[in-house]
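# Results of the structural survey
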Amino acid sequence: CRRVHNHQLHSQQSRLLPHLSVPMDAFSEAFKYYKRRVPPPSMEAVLDSTTLGNDTHGRVHRVPVSGAVHLPELIPTHLWSVCALTEHPGVLVISNPFTPEAQRMWVRRCLTDFMHPENVTNLDRELPDLHAHGGLWARATAATASTSASLQTPTGAAPTSSGSQESPAHEPKRARHAADALSTCAEQRALERLRWITLGLHYDWDAHVYPPGCGSVFPRELANLTAAVAHALGMEFTAQAAIVNFYHPGATLAGHTDHSERDRAAPLLSISLGLDAILLVGGPTKETAPAAIRVHSGDIIVLSGPARLSYHAVPRVFDGPAPPALQPQAEDPTWAPFAAYMARSRINLSVRQHAVDPPCNPPDDTQGPTGTPALPPVRTEGPTTISASSIAAD
């Protein structure tokens, strides 16, 4: 039996990663391969989410959508393309079921609404005033034109509209403009260092646990969205925690499993926005050769059943351009700063159910009479704390 298993593993690795020798730790070897810059890795063995339904090699098979979903941000379910990885049971790939407007809406929420004082970010300790004056996004993107003008203004006297020279009395004003410009540059650099935000139950990255009593209200619209997607796949799911990750080209996410949740039977839903990336999904140990999937903006990856505790990683984020839905929109000038950010960024929302028998979410004004929310406004839920007693025991 052991000989047969080793032969199957060798065959699987050779098929998925034809340019690699078969290592003891196949997952780490694949990670290093797809992270490599020079020479760039071959994409021959990579499964592309946009063409999975056309695969003729038996690596994937289509999955029927079993439930109807009526959310304005999603296209009708009969148009969804859902595929499962044959050699990695439980891995489901939904190829972008979002409308273009919904993709932009979720980007806005990640960069503005989710940057809320009740949520936790990697910048909290180094920037005590993170949420002051409208928040980091507002400060980093405000007055871009005036900032550029300030940096271009000569340090000497500047001509007035009449062509004369300004008096030295204007020097303090120009100094303030220059200081504002440098401050804005600092804010922009801080925005580039934004790596994660936790929603709902807050994750302790050092202890790898969800500390009791540490949390905020989980966004109702994101809970509705993920519950609806799970329902369409014949699953039950109640979102209680999420990690929003921010990537730029060159960034990676090392191989890991998500095992801190008490309910490990519930699926994990991962939503991609922005630049393309390579996602590796393997097995319960790093000895299993992973599948490499190129994910695009709007794709949803579901890790369920035996794949729920599988190793996964992001070894590569591709350079732009951003997908058409996230590029500048002539009819919406307010989208311009978001488009500029997403031209060099990828956002991923990893949504989890922590408790086996989760409590009901608090009421929300966006909840419609039929249980279908409208496209959400800026923020409707108020901050609160989720206590340990509000989560049912295993």
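Residues numbered from 1 in each chain as written. Predicted model: local features only at pLDDT ≥ 70, side-chain atom pairs only at ≥ 80, totals over all residues. Heavy atoms only, no water.

Below, the discussion takes up the confidence of the model for the protein chain. Averaged over all residues, the pLDDT of the protein chain is 81; the fraction at 70 or higher stands at 74%. A low-confidence stretch, residues 1-13 stays under pLDDT 50, and its non-local contacts, those more than four residues away or across chains, total 14 contacts. Throughout residues 360-394 the model reports pLDDT below 50, and contacts reaching past four residues in sequence, or to other chains, amount to 77 contacts. (pLDDT = per-residue confidence, 0-100. Contact = heavy atoms within 4.5 Å.)

Here we come to the environment of His231. Here His231 shows up in helix α7 (residues 220-232). Residue classification places His231 among the partly exposed positions, given a relative accessible area of 45%. Once the C-alpha coordinates of His231 and Gly67 are considered, the two residues, 164 residues apart in sequence, prove to be 5.9 Å apart. Excluding its chain neighbours within four sequence positions, the residues that come into contact with His231 are Ser66, Gly67 and Ala68. (Helix = DSSP H or I, 4+ residues; strand = E, 2+ residues; numbered from the N terminus. Buried < 20%, exposed > 50% of the residue type's maximum accessible area, 1.4 Å probe, protein only.)

Okay, the packing of aromatic side chains next. Within the structure shown, the criterion is met by eight aromatic pairs. Ring geometry for Trp137 against Tyr341: centres 5.8 Å apart, planes inclined by 85°, an arrangement best described as edge-to-face. Note that Trp137 is positioned in helix α4 (residues 136-141) and Tyr341 in helix α8 (residues 336-342), a separation of 204 residues in sequence. Here the aromatic residues Trp137, Trp335, Phe338 and Tyr341 are joined through ring pairs into a cluster of three or more. Arg294 extends its terminal NZ or CZ atom over the ring of Phe318, reaching a point 3.7 Å from the ring centre. Here the basic side chain of Arg346 rests over the ring of Tyr247, its NZ or CZ set 5.1 Å away from the ring centre. (Phe/Tyr/Trp six-rings, centres within 6.5 Å; stacked < 30°, edge-to-face > 60°. Lys NZ or Arg CZ within 6 Å of the ring centre and 35° of its normal.)

As a further point, take the sheet that holds strand β1 (residues 47-48). Taken in spatial order, the five strands of this open sheet run β1-β11-β10-β13-β8, and their pairing is mixed. Strands with a single pairing partner mark the edges of an open sheet, and in this sheet they are β1 and β8 (253-256). Of the strand pairs in this sheet, strand β10 (residues 277-281) and strand β13 (residues 312-317) are connected by four bridges, and their pairing is antiparallel. Its bridge partner lying in β13, Leu280 is registered against Ala313. Strand contacts of helix α2 (residues 26-35): β8, β10, β11 (291-295) and β13, with the helix running at about 15° to β13, the strand carrying the most contacts. (Pairing = 2+ DSSP bridges. Axes fitted to C-alpha atoms, helices over the stretch in contact; angles between N-to-C directions.)

Following the sequence through the fold, Ser260 ends up in the loop between β8 and β9 (268-274). A polar contact of 3.0 Å, which involves the side chain of Ser260, links it to the side chain of Tyr203. Looking at Ser260, its side chain comes within polar contact range of the main-chain oxygen of His208, at 2.9 Å. When near neighbours in sequence (up to four residues on either side) are disregarded, Ser260 contacts Tyr203, His208, Val209, Tyr210 and His354. (Polar contact = N/O pair within 3.5 Å; in protein donor to acceptor, adjacent residues only side chain to side chain.)

Turning next to the nonpolar core. Leu222, Ile347 and Leu349 are the most contacted members of the largest nonpolar core, which has 58 residues in total. Apart from the residues within four sequence positions on either side, Ile347 is in contact with Val107, Cys110, Leu111, Val244, Asn245, Phe246, Ile271, Ser272, Leu273 and Met342. If you look at the next biggest cluster of nonpolar residues, it comprises 21 residues, including Val93, Leu279, Ile301 and Leu303. (Core = buried A, V, L, I, M, F, W, Y, C linked by side-chain atoms within 4.5 Å.)

With 13 residues, α7 should cover 18 Å at 1.5 Å per step; its first-to-last C-alpha distance of 18 Å lies within 8% of that length. Of the residues making up α7, those classed as buried are Arg220, Glu221, Leu222, Ala223, Asn224, Leu225, Thr226, Ala228, Val229, Ala230 and Ala232. Looking one or two residues beyond α7, the residue adopting positive phi is Gly234, at roughly 80°. (Expected span 1.5 Å × (residues − 1).)

Here we come to helix α3 (residues 100-113). In a regular helix each residue adds 1.5 Å, so 14 residues correspond to 20 Å; α3 covers 19 Å between its end C-alpha atoms and thus fits that length. Counting buried residues in α3 gives 10 out of 14 residues, a clear majority hidden from the surface. All buried positions along α3 are accounted for by Ala102, Gln103, Arg104, Met105, Trp106, Val107, Arg109, Cys110, Leu111 and Asp113.

With that settled, the discussion passes to the pairing of strand β4 (residues 91-94). Covered by surrounding structure in β4 are Val91 and Val93 together with Leu92 and Ile94, the residues of both alternating faces. With antiparallel pairing between neighbouring strands as the criterion, strand β3 (residues 82-85) and β4 make up a hairpin whose turn holds five residues, including Gly90 at a positive phi of roughly 100°. With four bridges joining them, β4 and strand β12 (residues 300-303) adopt antiparallel strand pairing. Across the sheet, the residue bridging to Val93 is Ile301, located in β12.

Position of Gln240 among the secondary structure elements: in the loop between α7 and β7 (241-247). Since its relative accessible area comes to 8%, Gln240 is described here as buried. For Gln240 and Gly215, which are 25 residues apart along the polypeptide, the C-alpha to C-alpha distance reads 9.5 Å.

Enumeration over the complete set of coordinates arrives at 11 salt bridges. Ionic pairing is found between Asp113 and Arg109, a salt bridge with its closest N-O pair at 3.0 Å. Of this pair, Asp113 and Arg109 both sit in helix α3, four residues apart, which is roughly one turn of the helix. Each of the two residues, Asp113 as well as Arg109, counts as buried. Residue Arg352 pairs with Asp258 through a salt bridge whose shortest N-O separation is 3.2 Å. (Salt bridge = Lys/Arg side-chain N within 4 Å of Asp/Glu carboxyl O.)

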